[in-house]
Amino acid sequence: MQASFYYISRGKLFSFSDGKTEEIHSGVLNTYISKVRDSAQRNEWKYTGTGAEFIGTKREGASPEDSVSAVRSAIHCFGEHAGDIIYSISIDETNGIYRKRTDGDSAEGIVLCTGNGAYSDFDIRGNLMAASAAFAGESHIGVLDMTTQNFTTYTEGNSRDTSPAWAAFDPNKIYFCCMGLPIKEAKDPNYNAPPRSISQIVSEMYDASTVVRGPSSICLLDTSLGTLDEILSDDRYDFTHPQSLGDGSLYYIRKPYRQNSDKRSSFGCLAEIALLPFRLLEALFGFLNVFSAKYSGKTLSKNDVKHRDEKQMYIDGNLINAEKELRANAKKGDKNPGIIPRSWELRRLDSSGNDTLIKRGVSAFRVNETTGDILLSNGSHILKLDKNGKEEKILSAPKVTFIK
C-alpha cells in the first residue's frame, strides 16, 4: 500500500496520496501577491515606459511581473488540528502560523502572528501547540492552548530553542533543540540588542551561517514541573529533528557542528589580503555581467544564476555542495543517491541508552510508529525504509526539509 503524507520542498507544501502529488497553496500568500500586483499596476505608469523615462522616474523592477517575482516566501512547518491544516510561513517582512480551512474556499485564519517576532517550528497534540517563538535574536519554546489562545513561554536565556516535539510517552514533556548564543550583556551591561526585521529573525532561525552560535543539543522540557534535562549534547555535533515514540525511544539527525565565528585568525586575514585582487576582479566581472544583461539582454557567462544555485544550496541552514555530495553518495553504492552529506545521520536512541545508526545522508524524516516504516529525504528523493531496512523510492523531491 502506497504511503500518504505531507512534505515541504523548496519552501512549498505538498501532499502525497495514492501515488499523486498535489501542492497545497497558501491563501495568505496568494492574498499578499494579489495586493503586491495591484499596487504595482496602479503605480506602473510612474516607473515604467517612455513617459517615466522622459520625466526621470523610470525604475527597473517596477512592473507587476517583476514586483511579484521579487516576493520572498517559504513554508517552514505543517500540522493538523480539528480537521484543518496548520502551517507556518514567512513572506517578505512577515511571519506567522495560519489555519487553512478544509471546508471549501473560506478565508484562512491566524493562529500565531506578531509584528516584532516569528513563530515557525511547532508540533500539535490535541488542543496544545508547542511552538518556537523568536524575538530580538533569541527563540524560546512555549505552548499555545488552541481553545483559549493563551500562550505560555517555558524556556529563556541567550539561546535559540527550536524544533519542539511532544514526547509520545508523557503528555507534559517536550523535546526541543537548543543552541547557545554569545552573552553580550555580560560583556557590556549597557548592551541593547539591535532591532531586527522579521526576515532577519527568520533567517537566524533557519540559517546557521547568519549568527554565531554553539552546537545544537536536544533537551527535554517538563511543563508540569518546570524542569529541563539535556538528552544529547556533544561539542562536535549538532543534534536536530527530534521525534519521540511511545516506547521511550528518540529518533534524531546528527551532523557535524561547524562553528560560525565573527573572529578571524591571523592566517585567515592574510589569506583574505592575498585574495583581494581576485575579489576585485570577481566584483568587476559581476558588474559587467549585470550591465550587459540590463542593456543587451545577454549575460557574459553561459552558466546562469539558477545553475550555480543548483550546485550549492542551503538546506537546514547548511551550505551543501550538491554535485559533490551526489557523486560521493553514488560512489558509496547508495541505491538512490541524494545530495545530503553522509555525515548527516539518522539515529535512534532507545530507552536503555543504546544509540543506533539508521541511515546516512538524511535531511528530514518521519517514523510511523504503527508500521515501523520510516519516510526520509536524502535531499533528492523521499524514500521509505521498512522495519527490516528495505529501501523503496517513493518520489523525487528536491530540498525537502519537513515530512509528516
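From a predicted model like this one, the values you see are computed outputs, not experimental measurements.

1. Comments concerning the overall build of the chain
Alright, step 1. The secondary structure content of the chain amounts to 9 helices and 26 strands.
Alright, step 2. Here the chain holds 404 residues, and 42% of them are scored as buried.
Alright, step 3. For the chain, the exposed area adds up to about 22100 Å²; of that, 51% sits on carbon and sulfur atoms.

2. Points about the side chain of Ser-139
Alright, step 1. Following the sequence through the fold, Ser-139 ends up in strand 10 (residues 138–145).
Alright, step 2. Under the relative-accessibility criterion, Ser-139 is labelled buried at 2%.
Alright, step 3. Apart from the residues lying within four places of it in its own chain, the contact partners of Ser-139 are Ser-132, Ala-133, Ala-134, Ser-159, Arg-160, Asp-161 and Thr-162.

3. Focus: the environment of Thr-94
Alright, step 1. Of note, Thr-94 is situated in strand 6 (residues 94–100).
Alright, step 2. By relative accessible area, Thr-94 is classed as partly exposed at 37%.
Alright, step 3. Along the sequence, Thr-94 and Ser-73 sit 21 residues apart, while their C-alpha atoms lie 9.3 Å from each other.

4. Overview of helix 1 (residues 27–47)
Note that an α-helix has 3.6 residues per turn; residues three or four places apart therefore point the same way.
Alright, step 1. For helix 1, with 21 residues, the first-to-last C-alpha span of 29 Å sits near the 30 Å given by 1.5 Å per residue.
Alright, step 2. The sharpest bend along helix 1 reaches about 40 degrees and sits at Gln-41.
Alright, step 3. All of the buried residues in helix 1 are Val-28, Leu-29, Ile-33, Val-36 and Ala-40.
Alright, step 4. Structurally, helix 1 contributes buried residues whose contacts are with helix 3 (64–69), strand 4 (73–81), strand 5 (84–91) and strand 6.
Alright, step 5. For helix 1, the N-terminal capping position is held by Ser-26, with its side-chain oxygen 3.3 Å away from the main-chain nitrogen of Val-28.
Alright, step 6. Downstream of helix 1 by a residue or two, Gly-49 has a phi angle that is positive, lying close to 85 degrees.

The rules we used
- Residues numbered from 1 in each chain as written.
- Predicted model: local features only at pLDDT ≥ 70, side-chain atom pairs only at ≥ 80, totals over all residues.
- Heavy atoms only, no water.
- Helix = DSSP H or I, 4+ residues; strand = E, 2+ residues; numbered from the N terminus.
- Buried < 20%, exposed > 50% of the residue type's maximum accessible area, 1.4 Å probe, protein only.
- Areas by Shrake-Rupley, 256 points an atom, 1.4 Å probe, with all protein chains shown as cover.
- Contact = heavy atoms within 4.5 Å.
- Expected span 1.5 Å × (residues − 1).
- Bend = angle between axes of the 7 residues up to and from the residue.
- Polar contact = N/O pair within 3.5 Å; in protein donor to acceptor, adjacent residues only side chain to side chain.

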